Amino acid sequence: MNVLLVYLLHKIGDVSAFSTNVDCRFVENSVLFFNPSDVVSCKQTHSDVIKIVDDSMRGTEIADCDALVTNVRKLPLLIRTADCVPVVLYDPCRRVVANIHAGRVGAQKLIVRKTLQLMMTQFGSKTSDIIAAIGPHICGKCYEVDDACASEFGEKYIIGYSSNQKPLVDIALACKEQLVDVGVDSKNIHCSDICTAESKEWPSWRRDKCQERLGTFVMLE
Ligand SMILES: [Zn+2]
């Protein structure tokens with residue numbers, strides 16, 4: 001198979017520094033595997049809007065969407081997070097890749113499942129071929145929410161209660177289940193055990209109210 005998924009996580013700098021062309025001066029500790037001027041990013045709005053990216057969008061920032069899908073080679077897709085869940089979907093058979101921002105709202109709007117469904121309808125992907133990667137995110141033990149939010153996720157994802165009796169929700173599990181429920185093999189879903197709120201190396205909105213973001217880049221080789 002001549003398709004290779006490249007999946008890499010970087011800590012990137014001030015989010016305001018990113019405009020139409022991603023400024024990768026802020027990428028640390030790595031040799032870039034892509035040309036920074038090629039990166040396609042999006043103005044994330046906690047929506048369930050998914051965009052198919054083609055070659056004409058190379059180097060642009062797409063307005064108002066939270067998931068990017070492409071079958072174009074050498075076209076890096078960027079999603080930015082700080083506690084939210086970055087989810088990459090890869091179909092090695094149809095040669096399609098997706099990069100998803102799944103925060104609380106997006107997860108509740110089922111953006112992960114909807115992205116997979118779009119890959120199926122637009123590119124002919126099959127759930128049995130899908131490989132998923134869930135990047136660093138806030139873990140269930142740290143993700144304290146109010147009762148309304150917890151019930152919107154559902155009992156299944158409440159893993160306990162904090163010391164001040166607030167529900168603790170496993171948001172990554174909710175994302176994973178959106179894939180498993182439609183037939184993705186859980187063995188093909190790889191989930192990072194890094195908690196952004198606990199690990200000072202990664203940006204955490206809850207911990208720091210930071211301007212930094214974790215950048216998840218994905219590209220078909
Ligand atoms: Zn944690």
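Up top you'll find the structure we're talking about.
Fair warning: this is a prediction, and the values are worked out from it, not measured in the lab.

Draft legend 1. Quick look at the overall build of the chain. From N to C terminus, the chain includes five helices and 13 strands. Across the 221 residues in the chain, those meeting the buried criterion constitute 42%. Pairs at least 24 apart in sequence give 63% of the contacts found in the chain among residues at least 6 apart.

Draft legend 2. Layout of helix α2 (residues 111-123). End to end, α2 covers 17 Å across 13 residues, agreeing with the expected 18 Å (1.5 Å per residue, within 8%). Among the residues of α2, those classed as buried are Ile-111, Val-112, Thr-115, Leu-116 and Met-119. Along the axis of α2, the buried residues cluster in a sector spanning 145 degrees; they form a single face. The elements touched by buried residues of α2 are β3 (50-52), β5 (67-70), β7 (85-91), β8 (96-102), α1 (104-108) and α4 (171-180).

Draft legend 3. Focus on the sheet that holds β5. Pairing within the open sheet is mixed, and its six strands lie in the order β3-β5-β8-β7-β9-β12. Looking along the sheet, the strands with just one partner apiece sit at the ends: β3 and β12 (189-191). Between one strand axis and the next, the sheet turns by 15 degrees as a mean value, whatever way the strands run. Sheet analysis places β7 next to strand β9 (residues 131-134), joined by four bridges and oriented antiparallel. Each residue of the ladder has a partner; that of Tyr-90, found in β9, is Ile-131. Across the face of the sheet, α2 comes into contact with β3, β5, β7 and β8 while running at roughly 160 degrees to β8.

Draft legend 4. Representation of α4 within the structure. Within α4, eight of the 10 residues are buried, which leaves the element mostly enclosed by the surrounding structure. Within α4, the full set of buried residues consists of Ile-171, Ala-172, Ala-174, Cys-175, Lys-176, Glu-177, Gln-178 and Leu-179.

Draft legend 5. Up close: the nonpolar core. Grouped together as the largest cluster of nonpolar side chains are 54 residues, with contacts concentrated most on Val-87, Leu-89, Ala-132 and Cys-175. Contributing elements (two or more residues each) for this core: β5, β6 (77-81), β7, β8, α2, β9, α4 and β13 (213-220). When near neighbours in sequence (up to four residues on either side) are disregarded, Val-87 contacts Ile-100, Ala-102, Val-112, Ala-132, Ile-134 and Cys-175.

Draft legend 6. Inspection of the environment of Val-218 at higher detail. Along the chain, Val-218 falls in strand β13. Between the alpha carbons of Val-218 and Leu-75 there is a distance of 8.3 Å; along the sequence they are 143 residues apart.

Draft legend 7. Here's a closer look at the pairing of β8. For β8, the buried fraction is high: seven of the seven residues fall into the buried class. As paired strands, β5 and β8 are joined by four bridges and run antiparallel to one another. Counterpart to Ala-67 in the pairing with β8 is Ile-100. Sheet topology note: the β7/β8 ladder contains seven bridges and is antiparallel. Within β8, the residue paired with Pro-86 across the bridge is His-101. Counting the residues between successive antiparallel strands, the hairpin from β7 to β8 contains four residues, one of them, Arg-95, with a positive phi of roughly 55 degrees.

Draft legend 8. Geometry of the packing of α2 against α4. Following both chains from N to C, one finds α2 and α4 inclined at 30 degrees, their axes separated by 8 Å at the closest point. Comparing their axes, α4 and α2 come out roughly parallel. The crossing of α2 and α4 is right-handed. Of α4, the residues touching α2 (which contributes Val-112, Arg-113 and Leu-116) are Cys-175, Gln-178 and Leu-179. Of the residues in the contact of α2 with α4, the class split is four nonpolar, one polar and one charged.

About the cut-offs
Residues numbered from 1 in each chain as written. Predicted model: local features only at pLDDT ≥ 70, side-chain atom pairs only at ≥ 80, totals over all residues. Helix = DSSP H or I, 4+ residues; strand = E, 2+ residues; numbered from the N terminus. Buried ≥ 20, exposed ≤ 12 C-beta atoms within 10 Å, placed from the backbone. Contact = placed C-beta atoms within 7 Å. Expected span 1.5 Å × (residues − 1). Arc of directions from axis to C-beta. Pairing = 2+ DSSP bridges. Axes fitted to C-alpha atoms, helices over the stretch in contact; angles between N-to-C directions. Core = buried A, V, L, I, M, F, W, Y, C linked by C-beta atoms within 7 Å. Parallel < 35°, antiparallel > 145°, perpendicular 65-115°, else oblique. Left-handed = near helix turned anticlockwise from the far one by under 90°. Nonpolar A, V, L, I, M, F, W, Y, C, P; charged D, E, K, R; others polar.

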